[in-house]
Amino acid sequence: MAYGFDTLQIHAGARPDPATGARQTPIYQSTAYVFRDAEHAAALFNLQEVGYIYSRLTNPTVAVLQERVATLEGGVGAVCCSSGHAAQIMALFPLMAPGRNVVVSTRLYGGSVTQFSQTIKRFGWSAKFIDFDDTDAIAAAIDDDTRAVFCESIANPGGYITDLPVIAKIADDAGLPLIVDNTSASPYLCRPIEHGATLVVHSLTKYLTGNGTVTGGVVVDSGKFDWSASDKFPSLSQPEEAYHGLKFHETFGPLAFTFHGIAIGLRDLGMTLNPQAAHYTLMGTETLSLRMQKHVENAQIVAEWLEKDDRVEAVTYAGLKSSPYHKRVAKICPKGAGGLFTVTLKGGYDSCVKLVDSLELFSHVANLGDTRSLIIHSASTTHRQLTAEQQTAAGAAPNVVRISIGIEDPDDIIADLDQALSKASI
Ligand SMILES: *Cc1c(COP(=O)(O)O)cnc(C)c1O
């Protein structure tokens, strides 16, 4: 029987604990797992049998979360990691090599811009930043060394909506996987695999956990990409020396990327999610749809109120009719445009700083997707390392604040913004 989303967010991946009958998934706080005998151990190490060896690779609590997120995203498998940024490296790692590049959207989380423009160079990888509304430019940027296309579904910080089927077609025509960061939407609002994504990455830190208690990430595989169709992805299609010449794609079929992520990625890069964190995120996913509905409802009310206010120059929320991305909501995320947007203040940089300092209910933090309403002045914080052009291209100009609307009473959110805007606009 095919269950609906609200049922799957509670049940997918979980079953009563076989040892105790515990209904809630136990936190398996164990580093290692006893082998039945030497033959069992050898089979596990040869990847001939699936099981638990050591918690850097696999852990039963983390495994439940992997299955749950994979199910909610409509994927075949998932690998949890220690953070959203770890997930991005884990997604690229099997695809890239020195001299290879990834074509990425300019509209990304600030930390991702830094990771892609600076840090990945240390691996000999590079990123080409393109305006993903300019489809000709994306196609033109793809060259013989490109190994992936990367964007966010609902993009940070402005809540812009990416036309995923169009981007997926460009990647597909070039024989490349499309990686979509679905953090700001969550699988409740958007399921990128249905729009043609090959891999979906998340920062579990945000809506999936939902209350600001965890740092974690996940890579979900659609299982749909043919890694052997070209010679571009030798890590997946060619013999792997570390496993006696095993070919991941030939051996594991649609699960090739997931097995590689565990058997090579987690084993050797070690960016493992701990079982405590997986437990908190499992708790969070149980109420994902309820929270997302309320985030969307509140964001709509608050964005409409802000847009009418004299002290405000512009609001980017795609749920507003004035947004150039409004039409894409019905196509990409029909249940709503998320809870994240930016506000441009008439008073410029100084007003933004004053607003942030005057808010009482809002928290001034570098986070999003919490039950609490959060605000940040991106230009002086998360996007500080970027050049002025990069800041503006990323939607984080100096006169802009980013807001993540929580699930409090909308009247209280508005009252707090109202009093702080008064102080910020003198
Ligand atoms: C937070 C965030 C990340 C990075 O996740 P961490 O868990 O902080 O490493 C990546 N992408 C988006 C869209 C994010 O919001």
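Residues numbered from 1 in each chain as written. Predicted model: local features only at pLDDT ≥ 70, side-chain atom pairs only at ≥ 80, totals over all residues. Heavy atoms only, no water.

Student: Break down the packing of aromatic side chains for me, citing the residues and quoting the values.
Tutor: Under the defined criterion, the tally for this structure stands at 14 aromatic pairs. Geometry around phenylalanine 5 places lysine 335 over its ring, the cationic atom sitting 5.9 Å from the centre. Directly above the aromatic system of tyrosine 188 lies the positively charged group of lysine 335, at a separation of 4.3 Å from the ring centroid. (Phe/Tyr/Trp six-rings, centres within 6.5 Å; stacked < 30°, edge-to-face > 60°. Lys NZ or Arg CZ within 6 Å of the ring centre and 35° of its normal.)

Student: Account for the domain arrangement of the protein, with residues named and values stated.
Tutor: In terms of domains, the protein is made up of domain 1 (12–284) and domain 2 (288–424). Each of domain 1 and domain 2 has a C-alpha centre, and the two are 29 Å apart. With 38 residues of domain 1 at the contact, the number on the domain 2 side is 42 residues. Summed over both partners, the interface of domain 1 with domain 2 buries about 3,300 Å², with 59% contributed by carbon and sulfur atoms. (Domains from an automatic or database assignment. Contact = heavy atoms within 4.5 Å. Buried area = accessible area lost by both parts, 1.4 Å probe.)

Student: Describe in detail the side chain of aspartate 221, supporting the description with residues and values.
Tutor: With respect to the helices, strands and loops of the structure, aspartate 221 is situated in strand E9 (residues 217–221). Although aspartate 221 lies buried, it forms no salt bridge, and the closest oppositely charged side chain, lysine 224, sits 9.5 Å away as judged by the N-O distance. Side-chain polar atoms of aspartate 221 contact the backbone nitrogen of glycine 223, separated by 2.9 Å. In this structure, aspartate 221 is in contact with Gly75, Val76, Gly77, Ile193, Thr198, Leu199, Pro254, Phe257 and Thr258, ignoring residues within four places of it in sequence. (Helix = DSSP H or I, 4+ residues; strand = E, 2+ residues; numbered from the N terminus. Buried < 20%, exposed > 50% of the residue type's maximum accessible area, 1.4 Å probe, protein only. Lys, Arg positive; Asp, Glu negative; His and termini not counted. Salt bridge = Lys/Arg side-chain N within 4 Å of Asp/Glu carboxyl O. Polar contact = N/O pair within 3.5 Å; in protein donor to acceptor, adjacent residues only side chain to side chain.)

Student: How would you explain the sheet that holds strand E14 (residues 400–404) if you had to name every residue and give the values?
Tutor: Strand order across the open sheet formed by five strands is E10-E11-E14-E13-E12, with mixed pairing between neighbours. The sheet is open, and its two borders are formed by strand E10 (312–315) and strand E12 (363–364), each paired with just one other strand. When strand E13 (residues 374–376) meets E14, the two strands line up antiparallel, connected through three bridges. Within E14, the residue paired with isoleucine 375 across the bridge is isoleucine 403. (Pairing = 2+ DSSP bridges.)

Student: Tell me what's going on with the site of the ligand, and back it up with residues and numbers.
Tutor: For the ligand, the set of nearby residues contains 15 residues, the closest of which are Gly84, Asp181, Ser203, Thr205 and Lys206. Glycine 84 has a polar backbone atom sitting 2.8 Å from an oxygen atom of the ligand. Within the contact set of the ligand, an oxygen atom lies 2.9 Å away from a backbone nitrogen or oxygen of histidine 85. The dominant element in the shell around the ligand, judged by the number of residues it contributes, is helix H4 (residues 84–92), at three residues. In terms of residue class, the shell around the ligand is built from two nonpolar, 10 polar and three charged. (Near = heavy atom within 4 Å. Nonpolar A, V, L, I, M, F, W, Y, C, P; charged D, E, K, R; others polar.)

Student: Go over the pairing of strand E2 (residues 101–105) with me, naming the residues and quoting the values.
Tutor: Of all the five residues making up E2, five are buried; the element is thus mostly covered by neighbouring parts of the structure. Side-chain alternation along E2 places Asn101, Val103 and Ser105 on one buried face and Val102 and Val104 on a second face that is also buried. Inspection of the sheet shows E2 paired to strand E3 (residues 126–130) by five bridges, in the parallel sense. What sits directly across from valine 102, in E3, is alanine 127. For the crossover from E2 across helix H5 (residues 110–117) to E3, the handedness is right-handed. Note that E2 and strand E4 (residues 146–152) share four bridges and pair parallel. The partner of valine 104 across the bridge, within E4, is phenylalanine 150. (Right-handed = clockwise from strand over helix to strand, strands pointing away.)

Student: So, the pairing of E9: which residues are in play, and what are the values?
Tutor: Counting buried positions along E9 yields five of five residues, so the element is predominantly enclosed. Direction of pairing for strand E1 (residues 77–81) relative to E9: antiparallel, over a ladder of five bridges. Its bridge partner being in E9, valine 79 is matched across the sheet by valine 219. Both strand E8 (residues 199–203) and E9 contribute to a ladder of five bridges, which runs antiparallel. Of the residues in E9, the one forming a bridge with leucine 199 is aspartate 221.

Student: Pulling in residues and values, what's your account of the side chain of serine 289?
Tutor: Counting through the fold element by element, serine 289 comes out in helix H13 (residues 288–308). A distance of 2.9 Å separates the side chain of serine 289 from the side chain of aspartate 6, its partner in a polar contact. Among residues more than four places away in sequence, those in contact with serine 289 are Phe5, Asp6, Gln9 and Tyr188.

Student: With reference to specific residues and values, describe the pattern of salt bridges.
Tutor: Proximity of charged atoms lets side chains of opposite charge pair with each other. Under the definition given, this model contains 15 salt bridges. For arginine 15, the salt bridge goes to glutamate 67, with nearest N and O atoms at 3.4 Å. Taken as a pair, arginine 15 in the loop between helix H1 (5–11) and helix H2 (38–45) and glutamate 67 in helix H3 (residues 60–73) lie far apart in primary sequence, 52 residues in all. Given the relative accessible area of 52%, arginine 15 is considered exposed. Residue classification places glutamate 67 among the partly exposed positions, given a relative accessible area of 37%. Residues lysine 247 and glutamate 250 are paired through a salt bridge, measuring 3.8 Å at the closest nitrogen-oxygen approach. The class for glutamate 250 is exposed, based on a relative accessible area of 62%.

Student: Residue-level account of the UniProt feature "modified residue: N6-(pyridoxal phosphate)lysine" (unreviewed entry) in the protein, with values.
Tutor: Per the UniProt entry, the sites bearing "modified residue: N6-(pyridoxal phosphate)lysine" (unreviewed entry) are Lys206 in this numbering. Note on placement: lysine 206 falls in the loop between E8 and E9. Note on lysine 206: relative accessible area 7%, which makes it buried. Non-local contacts of lysine 206, meaning those with residues more than four positions away in its chain, are made with Tyr109, Thr183, Asn367, Leu368 and Gly369. (UniProt positions renumbered as here; feature names shortened; annotations may be inferred.)

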